[in-house]
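# What the coordinates show
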Amino acid sequence: MSLDETTANMQPTENTEDNDGVDNAVDMTFTKEVRKATKDVHTLTDVLVNAKFAFALSDDEVWYDGLLVFYELYKFFETHLPERLLPKELHRTAAFERDFAYFYGSDWKKTYEPRPAVLEYLSLLESVAAKNEVLLFAYAFQMYMALMSGGQLLQKKRMIARKLWIFPKGNVEQEQKQAQADAALATDAATAANIELDDKDLMARPMPEQVTICPVGCEATYFPTRIPKLKSKLRRIFNELYGNLDEQTRAEYIEESRNVFRQNMELLRTVKGVNRANLRKLAIAVIFVTTIYVAFKLAVK
């Protein structure tokens, strides 16, 4: 089925919003179907991120190099998908570029060249887009959802490490949100351990707290619009597309959704500075533990 045939068959759905303008009426049936079909490769990606980047993402070199490997992908989506499939409020290219100008300097593009793994990925996206834009949307859907979920959590951790994320003590609402974030982390750990989650987990899992401040150099993960609203809008587009696909195209959509995680793992392996940052963090931890141990020994003499 072509993109024109698919979009022509789209039917408007009821738009139910709460007082904050967040759509609560999105059916999660198709989302669960694709999530279940991609769970194994998604888990592998999570394990790689947790193992390789656990301590490194607070390091500026690692963070910005990580953004750099994914920058071309977001730019590709935003130049190849129409606004009806990728609303402009989700676009990230300009935000990425402002972050790079902050860290690498205003003339960063003069020396920048996409690495081979990125060029291979872009070549794949070109072939997918030439076949069917709906299949290209399969990549975009996963990538923007990732930025609005895991991207928020990673940026918040990084900002905490850099002392940029500070809230007044005794803020009950903030404590409740932190408890929800901790619960989400526990759920992620269960997923990584291949523990089966309840089939309602997509609705029950708390969303990582949205990054609500935007210091210079932290724009890539910052969304002025509330993320629940953006996610609902993107899921509605997905539902209307996927719901009108024939069985063969659905199978192709799922395979490309699985391929997103495979390709992303290859890109993650190219991020520079991870081993150096992890070794430095480990050295600091060893020094800290050794200092405490020596101080304790001296105290008991």
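Residues numbered from 1 in each chain as written. Predicted model: local features only at pLDDT ≥ 70, side-chain atom pairs only at ≥ 80, totals over all residues. Heavy atoms only, no water.

The protein chain carries the name Heme oxygenase in an unreviewed UniProt entry, which gives Drosophila albomicans as its organism. Taken from UniProt, the Sequence similarities (unreviewed entry) comment for the protein chain reads in full: "Belongs to the heme oxygenase family." Here is the UniProt Catalytic activity (unreviewed entry) comment for the protein chain, exactly as written: "heme b + 3 reduced [NADPH--hemoprotein reductase] + 3 O2 = biliverdin IXalpha + CO + Fe(2+) + 3 oxidized [NADPH--hemoprotein reductase] + 3 H2O + H(+)". (UniProt positions renumbered as here; feature names shortened; annotations may be inferred.)

## Digging into helix α6 (residues 133-148)
Residues spaced three or four apart along an α-helix face the same direction, because each turn holds 3.6 residues. In this model, α6 (16 residues) spans 22 Å end to end at C-alpha, consistent with the 22 Å of a helix rising 1.5 Å per residue. In terms of burial, α6 is a largely internal element, 14 of the 16 residues being buried. A distance of 2.9 Å separates the backbone nitrogen of V134 from a side-chain oxygen at the start of α6, and that oxygen is part of N132. (Helix = DSSP H or I, 4+ residues; strand = E, 2+ residues; numbered from the N terminus. Expected span 1.5 Å × (residues − 1). Buried < 20%, exposed > 50% of the residue type's maximum accessible area, 1.4 Å probe, protein only. Polar contact = N/O pair within 3.5 Å; in protein donor to acceptor, adjacent residues only side chain to side chain.)

## Focus on the environment of D65
Among the structural elements, D65 can be located in helix α3 (residues 60-80). Spatially, the C-alpha atoms of D65 and F100 are 9.3 Å apart, while their sequence positions differ by 35 residues. Those residues in contact with D65 that sit more than four places away from it in its chain are Y104, R115, T270, V271 and K272. Polar contacts involving the side chain of D65 include one to the side chain of R115, which spans 2.9 Å. (Contact = heavy atoms within 4.5 Å.)

## Focus: the nonpolar core
Membership of the largest hydrophobic core comes to 56 residues, with the highest contact counts inside it found for L73, F77, L125, F137 and Y253. Elements with a contribution of two residues or more to this core: α3, α4 (93-104), α5 (116-131), α6, α10 (227-242) and α11 (247-268). Sorting elements by how many residues they give to this core places α6 first, with 13 residues. The residues contacting L125, other than those within four sequence positions of it, are L73, F76, F77, L136 and Y139. (Core = buried A, V, L, I, M, F, W, Y, C linked by side-chain atoms within 4.5 Å.)

## What to know about the UniProt feature "binding site: heme b" (unreviewed entry) in the protein chain
Listed under "binding site: heme b" (unreviewed entry) in the UniProt record, and renumbered for this structure, are R35, H42 and R235. Relative to the assigned elements, H42 resides in helix α2 (residues 29-53). With a relative accessible area of 25%, H42 lands in the partly exposed category. Setting aside residues no more than four positions away along its own chain, H42 makes contact with R35 and F261. Summarising the element assignment, R235 is placed in helix α10. Owing to a relative accessible area of 17%, R235 belongs among the buried residues under this scheme. What R235 contacts, discounting residues up to four positions off in sequence, is V26, M28, T31, F141 and M145.

## Side note on α4
Taking 1.5 Å per residue as the helical rise, α4 with its twelve residues ought to reach 16 Å, and the 16 Å between its terminal C-alpha atoms agrees with that figure. Among all positions in α4, only T93, A95, F96, D99 and F100 are buried. The buried residues of α4 occupy one face: seen down the axis, they fall within an arc of 165 degrees. Where α4 is buried, its residues touch α3 and α6. Backbone geometry just downstream of α4 places G105 in the positive-phi region, at approximately 105 degrees. (Arc of directions from axis to C-beta.)

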